[in-house]
Amino acid sequence: MVEAAARPAGIVGWLDHFGSLIIRALDDLGRFFYIMASSVMWTFRRPFDGAELMRQMVRVGWDSIPVVFLTCLFTGMVLALQTYRGFERFHAEGFVGSVVALSLTRELAPVLTGLMVAGRVGSAMAAELGTMRVTEQIDALYAMATEPIHYLVVPRVNASILMLPILTLVGDAVGIIGGWLISVGLFGANSYLYMERTFQFLEVNDITSGLIKAAFFGLTLAVTGCAKGFYTSGGAEGVGRSTTSAVVTASLYILLSDFFLTKILF
Amino acid sequence: MTTPAISAATGLADPMISVIGLYKSFGDKQVLRGIDLEIGRGESLMLVGGSGAGKSVFIKHLIGLLQPDEGNVVVDGVDLTRASPEVVLELRKKFGMTFQEGALFDSMNVADNIAFPIRRHTKKSEKEVSMRVRECLGLVRLPGIEDKMPAELSGGMRRRVGFARAIALEPEILLFDEPTTGLDPINTAAIGDVINQLRSELGVTAVTITHDMNLAGKIADRVAIIRRGQILLVDTPERFLESDNWFIRAFLNGEVPEEDHP
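Residues numbered from 1 in each chain as written. Chains lettered and ligands numbered in written order. Predicted model: local features only at pLDDT ≥ 70, side-chain atom pairs only at ≥ 80, totals over all residues.

### So, the nonpolar core
To keep things clear, this is the line we draw: Core membership is restricted to buried Ala, Val, Leu, Ile, Met, Phe, Trp, Tyr and Cys residues, and these are joined into a nonpolar core through C-beta atoms within 7 Å. Comment: burial labels come from other C-beta atoms within 10 Å of the residue's own C-beta, placed from the backbone, where a count of 20 or more is buried, 12 or fewer is exposed, and between is partly exposed. Here a strand is any run of E in DSSP of at least two residues, a helix any run of H or I of at least four, and the numbering for each starts at the N terminus. With C-beta atoms placed from the backbone, a contact is any residue pair whose C-beta atoms sit within 7 Å.
Ranked by size, the top nonpolar core spans 137 residues in total, and within it Cys226(A), Leu47(B), Ile114(B), Ala164(B), Leu175(B), Ala224(B) and Ile225(B) carry the most contacts. Residue contributions to this core peak at 18 residues, all from helix H4 (residues 96–134) of chain A. Leave out the neighbours within four places in its chain, and Leu175(B) touches Ile59(B), Leu62(B), Ile63(B), Phe95(B), Met97(B) and Val207(B).

Next up, the structure:
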């Protein structure tokens, strides 16, 4: 690593700093793709650890329901609140249901679910694998003729890919209900009309492309968390660094990839 | 300037492990600088040396946890440095390795820790697995602690559970990484007894890293001292203690030269 004290001054120093940042980012990206490729390869190898996959699915999916529920409920509510006030100005209140449903299914539910699970589960993966690295538990796995990618990374990545779309579906439903609560309960909109408008412009593709995004975000957050944990060094401080970095990097990857996925899928 | 090895080659007819010209660097730091060593079947070799001399890096090469920059590690006729990852993974089943702090999986209880390699690599029934777990705990003199979590154990107990896990698959080679560092004399003596017992009952080849010369006298057939990434001397514990090499005398007296401080 480049020491700050040894860095030359002026433009050369700035270039030096910029260069080291690029090298670090490429290093991170290389590790990300290595862990991703390895976990794909090891997924199809025996022994298949169904029990561990189930355990991870409960951790990633079931245990994340409360946080996804609250996030999407309030997002749906605030979306209805904002659009109702805005649409009222040109008498388009009737379309609030459609806007809430489309925004949630196409964009907000998968992205917010991805970000919330990255904070909750991606960080835990980095902390867990990081602790195992610094306490030599990962070396112990190698020594017991067990590939750590196979035993630790594969179930976490697969559980995330499987559970994120399910969580997003929950988020879609809860967010739409949140919008309905505000429109009908607070602004006195007609409940039947609201629900009709909700589904009038909603196409299957809106939901499925949101779910495809969610699966991709699941892959991204799990691979980032596992990669950060797997390459941890520097004791307890290193584990802390990896955990923070896992959340920041996964969130960044989710937001960046969201743009490109939206461009491809819609 | 490097110090030549006094006696590295043993001329063993059928060595279990042969290390030939091993070099390893991390960045600019050269850790291993041409190690040659042979370890016989059933032999107990003790590797001593100051902190940062390259002992842990060396032992990790024996099991393929690290790949050398140069040189070969041949285990039971298979060159680890040239073998495919699948072969290396298979070969590791011959090994049992213990780590400084035990490296037990802290999410599992003692029984599940010891059962881990058995469940992973054999088709034994749960009844057979728990019988083997009991057997291994008996061998390390810790019966009846199957349900305890690693956090509930003392440092010495954690290491002994680590031993139990290392012997669960009945390995042919045992690697001990600083088994007594930081332990009180009673636990140190107990660990030495356990290592001897494991050797006599299982007939395994053992390689032990330690700073502890008392342990060397107790469990080693030969002692090798490593200095600045090179083997300085390999000999019986008795002859090792009588060596008039200045560095070994300094090491035995606890006076590590300034240039050898990590």
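### Focus on the interface of chain B and chain A
In plain terms, the rule: Lys, Arg, Asp and Glu make up the charged group, whereas Ala, Val, Leu, Ile, Met, Phe, Trp, Tyr, Cys and Pro make up the nonpolar group; the residues left over, Gly among them, are polar.
Counting from both sides, the interface comprises 15 residues of chain B and, opposite them, 11 residues of chain A. For the side of chain B that touches chain A, the elements supplying multiple residues, two or more each, are strand S6 (95–98) and helix H3 (110–121) of chain B. Top element by residues in the side of chain B that touches chain A is H3(B). It accounts for four residues. Partitioning the side of chain B that touches chain A into residue classes produces 10 nonpolar, one polar and four charged.

### Concerning the pairing of strand S9 (residues 222–227) of chain B
Residue and element names in this part refer to chain B. Stated formally: Pairing between strands is defined by DSSP: at least two bridges between the two strands are required.
In terms of residue burial, S9 counts as a mostly covered element, since six of its six residues are buried. Going residue by residue along S9, you find Arg222, Ala224 and Ile226 tucked away on one face and Val223, Ile225 and Arg227 tucked away on the opposite face as well. Relative to S9, strand S3 (residues 44–48) runs parallel, the two sharing four bridges. Bridging from a neighbouring strand, Leu45 pairs with Arg222 of S9. Pairing geometry for S9 and strand S10 (residues 230–235), over five bridges, is antiparallel. Across the sheet, the residue bridging to Ala224 is Val234, located in S10. Following S9, the chain reverses through two residues before pairing antiparallel with S10; Arg228 in that reversal takes a positive phi of roughly 50°.

### Describing the confidence of the model for chain B
Residue and element names in this part refer to chain B. Which entries qualify depends on this criterion: pLDDT is defined as a per-residue confidence score from the predictor, taking values between 0 and 100.
Confidence in the prediction of chain B, expressed as mean pLDDT, is 86, and 92% of residues score 70 or more. Of all the helices and strands in chain B, helix H6 (residues 185–202) carries the lowest mean pLDDT, 80, while H3 carries the highest, 94. Contacts from residues 1–9, a stretch scored under 50 in pLDDT, to residues over four places away or in other chains number 20 contacts. Confidence estimates for the predicted assembly give a pTM of 0.84 and an ipTM of 0.85.

### Digging into the sheet that holds strand S7 (residues 173–177) of chain B
All names here are of chain B. Put simply, the rule reads: Between N-to-C directions, angles cover 0 to 180 degrees, with each direction set by a line fitted to C-alpha atoms, over the stretch in contact for helices.
Across the sheet, six strands lie side by side as S6-S7-S8-S3-S9-S10; this open sheet has mixed pairing. At either end of the open sheet lies a strand with only one pairing partner, and these are S6 and S10. With direction set aside, neighbouring strand axes in the sheet form an average angle of 15°. In the sheet, S3 pairs with strand S8 (residues 205–209) via four bridges, with the strands oriented parallel. Residue Met46 lies in a different strand from S8, and its bridge partner there is Thr208.

### Structural notes on unusual backbone geometry
Residues and elements named next belong to chain A. For the bond running from Arg46 to Pro47, omega is -5°, close enough to zero to count as cis. Its location among the elements puts Pro47 in the loop between helix H1 (10–43) and helix H2 (50–60). Unusually for a residue other than glycine, His91 sits at a positive phi of about 50°. Positionally, His91 belongs in the loop between helix H3 (65–88) and H4. For His91, a count of 7 C-beta atoms within 10 Å translates into the label exposed. In the Ramachandran plot, Ala145 falls in the positive-phi region, its phi being about 55° despite a non-glycine side chain. Turning to its location among the elements, Ala145 is positioned in the loop between helix H5 (137–143) and helix H6 (148–186).

### Digging into the environment of Val57(B)
Residues and elements named next belong to chain B. Tracing the backbone shows Val57 in helix H1 (residues 55–62). Placed 84 residues apart in sequence, Val57 and Arg141 show a C-alpha to C-alpha distance of 30 Å. Excluding its chain neighbours within four sequence positions, the residues that come into contact with Val57 are Lys24, Val31, Leu32 and Leu66.

### Thoughts on the sheet that holds strand S1 (residues 15–26) of chain B
All names here are of chain B. Pairing in this open sheet of four strands is antiparallel, and the strands run S2-S1-S4-S5 from one edge to the other. Lying at the two open borders of the sheet, with one neighbouring strand each, are strand S2 (29–40) and strand S5 (78–79). The sheet contact formed by S1 and strand S4 (residues 70–75) spans five bridges and is antiparallel. Each bridged residue has a counterpart across the sheet, and for Ser18 the counterpart in S4 is Val74. Here H1 sits on the sheet and contacts S1, S2 and S4; the angle it forms with S2, its principal contact strand, is near 55°.

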